[in-house]
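Next come the chains, spelled out residue by residue.
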There are 2 protein chains.
Amino acid sequence: MLPVKIAGLGACLPQRIVTSAELEHTLDIPSGWIEQVTGVRERRYVTHETALSMGAAAAARALDDAGLRPADLDAIIGASSAPHQTIPCTAALLQRELGAPDGASACFDVNATCLSFLFALHTAAQFIHAGVYRRVLIVSSETAQHSRNPRERESAVLFGDAAAAAVITRAEPGEPSALWGARFATYSSGADLARLPGGGSLHHPNDPATTREQNMFHMDGPAIFKKATRLIAPFLDEFFTQVGWQRSATDVVIPHQASRHGVEQLTRRLGFAPEQVFSNLAVRGNCIAASIPLALAEAVAAGRVERGQRVALIGTGAGLTLGAAALVF
Amino acid sequence: MLPVKIAGLGACLPQRIVTSAELEHTLDIPSGWIEQVTGVRERRYVTHETALSMGAAAAARALDDAGLRPADLDAIIGASSAPHQTIPCTAALLQRELGAPDGASACFDVNATCLSFLFALHTAAQFIHAGVYRRVLIVSSETAQHSRNPRERESAVLFGDAAAAAVITRAEPGEPSALWGARFATYSSGADLARLPGGGSLHHPNDPATTREQNMFHMDGPAIFKKATRLIAPFLDEFFTQVGWQRSATDVVIPHQASRHGVEQLTRRLGFAPEQVFSNLAVRGNCIAASIPLALAEAVAAGRVERGQRVALIGTGAGLTLGAAALVF
């Protein structure tokens, strides 16, 4: 149990709203199919916004929410599925964009696709508990539409663009906030089930052999769902045993907003009541690494999560990796 | 002071050796210029090897060196300047490539360009000290030649391809090994001095506006050297004060093999004797994130670093970030 807290949260959504009806029209999909299959009614797409501009805006709001200034940060962690540029890391660009002073913070990125924020939260908590850093900013910002594959109907309509940020600090004596524990496990037999082969060194953008297709996201949704369904029950059993929580004593479950099936899986099969589970999937889509912190920020803003409540953040991501974190907000 | 140790080290070099004479011929550079200016006599370039295949080979050797098997790992950290694929993270692909069992390890990547290994080492040490993980594999693997910019003579000839890996475990009672401390600071006023704008969301590979030039590395070597020179003296003063070491009591300094100037800077200006500083720059070039762990692995293999000795790992990276770690090997 680490006495750390999420001192502030912030989000940034691109202005443009794209309805499922609009996508059904442009992608020649039967009317009503998208919401019925994926659970997404509308999502946002960037126009002039970038992953960096949205990330910085979300970060500024998270700092405001925490009552801190950029100069108060001693570490900045970029936690998205893809960087803004390959070099330097996105966290360094965020330092500059926020006007955080030169030399006052250590900047690095953490990447585990959809679970990047959870890994970064777990990492930040260790550093804060050890006294290495006192105030850590985590920023997840995604512009998934650039990698959309119009030929893969389900994934093409599932994703939305968004950014979310959190400021992590030590919990002061008397404050209930804490990270009770986190657990992650990667099952790489499923490494090909969600993949974006391009953008890295395997299919370098300048390699004439690299295809447009390789720079798009590919997902076998049913296979991921099947594999995750088999794995997540024992994974969560061990997780709740490890942190010593009862599922019923969890105030709010914030799942990664993977898909309708992915979110419903948690309630139907895994022992939570529907009213325990928060979802913004219908209006945000799957925002990859930004999904969990965005849902948390919106749950807090809506009064669904209050200080002192028990929150479980649970998700699956490419890898295939399962992750969960238990915190008292 | 964290009682953790580098239990095993491994490296993998591509087969093809590229001499500076060969590059001078192909890039129309005066004979002798490359070694004189950059200090690099030869470097390796991948042909059939990939970042993943080299990373897995280095990891297998690091596991052997530690007397461990892939199944013993409970976390794998990819720590390179660019991923193998954008999705999933390289660590998940390494789990599969190594034959490490499904579900037994948590996989994520850490990115801070040339300092990725140092950030990952600091992160792994926190997790091991906290008892979250017991045996963490860190893998840095770089295939820089894909992003070489033939129009930037100095950077085009500077980089080499290589992989290196380390297995981090708890130090047993009675063992001298420890991470005494680490320090990082990012100065993002220098964020544009070393950059690779493409490969991420800002200039997506499929965006028709993305140019070949944007997918290449750009570096203002003299400006980086000037800025780093100004910053590193006070940075290292604070670092050595923080860890409580005298420079003269440091057995071996392993600098990031940035360039001849970068390596010489440490001795000439910063208070180390030439015999304290290990360099493989002449035969490896700058291997980005793999530079520091590769130099450490080669220093250990050459008998230059022995168990119980004090080692300082020091580097600069894109960001601009300075980093240093003090460990008893």
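What counts as what
- Residues numbered from 1 in each chain as written.
- Chains lettered and ligands numbered in written order.
- Predicted model: local features only at pLDDT ≥ 70, side-chain atom pairs only at ≥ 80, totals over all residues.
- Heavy atoms only, no water.
- Phe/Tyr/Trp six-rings, centres within 6.5 Å; stacked < 30°, edge-to-face > 60°.
- Helix = DSSP H or I, 4+ residues; strand = E, 2+ residues; numbered from the N terminus.
- Buried < 20%, exposed > 50% of the residue type's maximum accessible area, 1.4 Å probe, protein only.
- Lys NZ or Arg CZ within 6 Å of the ring centre and 35° of its normal.
- Axes fitted to C-alpha atoms, helices over the stretch in contact; angles between N-to-C directions.
- Parallel < 35°, antiparallel > 145°, perpendicular 65-115°, else oblique.
- Contact = heavy atoms within 4.5 Å.
- Nonpolar A, V, L, I, M, F, W, Y, C, P; charged D, E, K, R; others polar.
- Core = buried A, V, L, I, M, F, W, Y, C linked by side-chain atoms within 4.5 Å.
- Pairing = 2+ DSSP bridges.
- Buried area = accessible area lost by both parts, 1.4 Å probe.
- Salt bridge = Lys/Arg side-chain N within 4 Å of Asp/Glu carboxyl O.
- Polar contact = N/O pair within 3.5 Å; in protein donor to acceptor, adjacent residues only side chain to side chain.
- Least-squares fit on C-alpha atoms with pLDDT ≥ 70 in both.
- UniProt positions renumbered as here; feature names shortened; annotations may be inferred.

A. A look at the packing of aromatic side chains. Scanning the entire structure with this criterion turns up 16 aromatic pairs over all chains. With 6.4 Å between their ring centres and 75° between their planes, Phe108(A) and Phe127(A) make a pair best called edge-to-face. Of this pair, Phe108(A) sits in strand 5 (residues 106–111) while Phe127(A) sits in helix 5 (residues 116–130), and the two are 19 residues apart along the sequence. Like Phe108(A), the residue Phe127(A) is buried in the burial classification. Taking the centre distance of 3.9 Å and the plane angle of 20° together, the rings of Phe119(A) and Phe184(A) count as stacked. Residue Phe119(A) is located in helix 5, and its partner Phe184(A) is located in strand 8 (residues 178–186); the two are separated by 65 residues in the primary sequence. For Phe184(A), a relative accessible area of 7% gives the class buried. In textbook terms, an aromatic cluster arises when at least three aromatic residues are bridged by ring pairs, as seen for Phe108(A), Phe127(A), Tyr133(A), Phe119(B) and Phe184(B). Taking the ring centre of Trp33(B) as reference, the NZ or CZ of Arg153(B) above it sits at 5.1 Å.

B. Main features of the packing of helix 5 of chain A against helix 5 (residues 116–129) of chain B. With their axes 10 Å apart at the nearest point, helix 5 of chain A and helix 5 of chain B run at an angle of 75° to one another. When the axes of helix 5 of chain A and helix 5 of chain B are compared, the pair comes out roughly perpendicular. In this structure, helix 5 of chain A contributes His122(A), Thr123(A), Gln126(A), Phe127(A) and Ala130(A) to the contact, and helix 5 of chain B contributes His122(B), Thr123(B), Gln126(B) and Phe127(B). Here the residues of the contact of helix 5 of chain A with helix 5 of chain B are counted per class, giving three nonpolar, six polar and no charged.

C. Geometry of the nonpolar core. Within the largest apolar cluster, 86 residues are counted, with the highest numbers of intra-cluster contacts made by Ile138(A) and Ile138(B). Apart from the residues lying within four places of it in its own chain, the contact partners of Ile138(B) are Ile77(B), Ala79(B), Phe117(B), Ala120(B), Leu121(B), Ala124(B), Ala164(B), Ala165(B), Ala166(B) and Ile168(B).

D. Local environment of the sheet that holds strand 8 of chain A. Residues and elements named next belong to chain A. Strand order across the open sheet formed by four strands is 8-13-12-11, with mixed pairing between neighbours. Of all the strands in the sheet, the pair left with one neighbour each is strand 8 and strand 11 (252–255). The sheet shows a mean angle of 10° between the axes of neighbouring strands, direction not considered. Each of strand 11 and strand 12 (310–317) is contacted by helix 10 (residues 291–301), which is oriented at about 145° to strand 11, the strand it contacts most.

E. Summary view of the interface of chain A and chain B. The partner chain B presents 65 residues to the 65 residues of chain A that form the contact. Buried area between chain A and chain B, both sides added, is near 5500 Å², and the carbon and sulfur share of it is 54%. In terms of surface lost to chain B, no three residues of chain A exceed Thr86(A), Ile87(A) and Asn206(A), which account for 12% of the buried area on that side. Two residues, Arg96(A) and Asp192(B), come together in a salt bridge whose shortest N-O distance is 3.1 Å. Where chain A meets chain B, there are 40 residue pairs in polar contact (both at pLDDT 80 or more). Taken together, the elements giving at least two residues each to the side of chain A that touches chain B come down to helix 4 (90–98), strand 5, helix 5, strand 8 and strand 9 (194–195) of chain A.

F. Quick look at the relation of the copies chain A and chain B. When chain A is fitted to chain B, the best match, at an RMSD of 0.0 Å, comes from turning it 180° and sliding it 0.0 Å along the axis. One copy is carried onto the other by what is essentially a two-fold rotation axis. Looking at chain A, 100% of its interface residues are interface residues in chain B too, so the copies touch through the same face.

G. Structural view of unusual backbone geometry. Residue Leu320(A) is bonded to the preceding Gly319(A) through a cis peptide linkage, with omega at -15°. Its location among the elements puts Leu320(A) in the loop between strand 12 and strand 13 (321–328). Phi at Asp28(A) takes a positive value of approximately 60°, unusual for a residue other than glycine. Along the polypeptide, Asp28(A) turns up in the loop between helix 1 (20–26) and helix 2 (33–38). Looking at Asp28(A), the relative accessible area reads 66%, which means it is exposed. Although it is not a glycine, Thr113(B) sits at a positive phi angle of roughly 50°. Tracing the backbone shows Thr113(B) in the loop between strand 5 (106–111) and helix 5. Using a relative accessible area of 2% as the deciding quantity, one classes Thr113(B) as buried.

H. Examining the UniProt feature "domain: Beta-ketoacyl-[acyl-carrier-protein] synthase III C-terminal" (unreviewed entry) in chain A more closely. Sites flagged by UniProt as "domain: Beta-ketoacyl-[acyl-carrier-protein] synthase III C-terminal" (unreviewed entry) map to residues 242–327 of chain A. Summarising residues 242–327 of chain A: 30% helix, 22% strand, and an end-to-end C-alpha distance of 13 Å.

I. Seen up close, the pattern of salt bridges. A complete count under the given rule lists 20 salt bridges over all chains for this structure. A salt bridge links Asp74(A) to Arg134(A); the nearest nitrogen and oxygen atoms lie 3.8 Å apart. Of this pair, Asp74(A) sits in the loop between helix 3 (51–66) and strand 4 (75–78) while Arg134(A) sits in the loop between helix 5 and strand 6 (135–142), placing them 60 residues apart in sequence. By relative accessible area, which is 14% here, Asp74(A) ends up buried. Across the pair Arg284(B) and Glu298(B) runs a salt bridge whose closest N-O atoms are separated by 2.7 Å. Of this pair, Arg284(B) sits in helix 9 (residues 281–284) while Glu298(B) sits in helix 10 (residues 291–301); the two residues are 14 residues apart in sequence, bridging distant segments of the chain. Owing to a relative accessible area of 14%, Arg284(B) belongs among the buried residues under this scheme. Residue Glu298(B) is classed as buried on the basis of its relative accessible area, which comes to 17%.

J. Molecular detail of the sheet that holds strand 7 (residues 162–170) of chain B. With respect to topology, ten strands assemble into an open sheet ordered 1(A)-7(A)-6(A)-4(A)-5(A)-5(B)-4(B)-6(B)-7(B)-1(B), the strand pairing being mixed. Each having just a single partner strand, strand 1 (4–12) of chain A together with strand 1 (4–12) of chain B make up the two edges of the open sheet. Along the sheet, successive strands turn relative to each other by an average axial angle of 20°, direction set aside. Relative to strand 5 of chain A, strand 4 of chain A runs parallel, the two being bridged by four bridges. Paired with Ile76(A) across the strands is Cys107(A), a residue of strand 5 of chain A. The sheet contacts of helix 4 (residues 90–98) of chain B involve strand 4 (75–78), strand 5 and strand 6 (135–142) of chain B, and relative to strand 5 of chain B the element is tilted by about 130°. Against the sheet, helix 10 of chain B touches strand 1, strand 6 and strand 7 of chain B, its axis set at about 95° to strand 1 of chain B.

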